[in-house]
Amino acid sequence: MPSEPKAPIRGRALQALRAAAAQPQGLRRSAYPSYMPALVDLGLMEERHVRGPGRSQPAWFLTRAGREMLAEVGRDETRSE
């Protein structure tokens, strides 16, 4: 339901967001395969194609909501605790 609060992002899902933030050219598609679909469903990540060596390849990127969440919890582990 829309009125229910969202569960906080933590653990490996938070690591996946931080990894994407550290890669502005896009995080490789094979990174964090168990967590990315859930982060996409939450609107925190999106998949886009980037030009690779001789071809276009998919990569993960933060959305505006993902960047806002990282601004709240911090981009490194020392600030999240």
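Residues numbered from 1 in each chain as written. Predicted model: local features only at pLDDT ≥ 70, side-chain atom pairs only at ≥ 80, totals over all residues. Heavy atoms only, no water.

Visitor: I'm lost on helix 1 (residues 11-21) in this one. Help?
Guide: At 3.6 residues per turn, the α-helix brings residues three or four places apart onto the same side. Burial within helix 1 is extensive, with eight of its eleven residues counted as buried. For helix 1, the full list of buried residues reads A13, L14, A16, L17, R18, A19, A20 and A21. (Buried < 20%, exposed > 50% of the residue type's maximum accessible area, 1.4 Å probe, protein only. Helix = DSSP H or I, 4+ residues; strand = E, 2+ residues; numbered from the N terminus.)

Visitor: Help me understand the packing of aromatic side chains in this model?
Guide: Considering all chains together, one arrives at zero aromatic pairs under this definition. Above the plane of the ring of F61 lies R48, whose end atom (NZ or CZ) is 3.9 Å from the centre. (Phe/Tyr/Trp six-rings, centres within 6.5 Å; stacked < 30°, edge-to-face > 60°. Lys NZ or Arg CZ within 6 Å of the ring centre and 35° of its normal.)

Visitor: I would appreciate a short explanation of the sheet that holds strand 2 (residues 45-52) in the present structure.
Guide: In a beta sheet, neighbouring strands are held together by backbone hydrogen bonds and run either parallel or antiparallel to one another. Taken in spatial order, the three strands line up as 1-3-2 in an open sheet, and their pairing is antiparallel. Edge strands, defined here as strands with exactly one partner in the open sheet, are strand 1 (27-28) and strand 2. Where strand 1 lies against strand 3 (residues 55-62), two bridges are found, and the strand directions are antiparallel. The partner of L27 across the bridge, within strand 3, is W60. (Pairing = 2+ DSSP bridges.)

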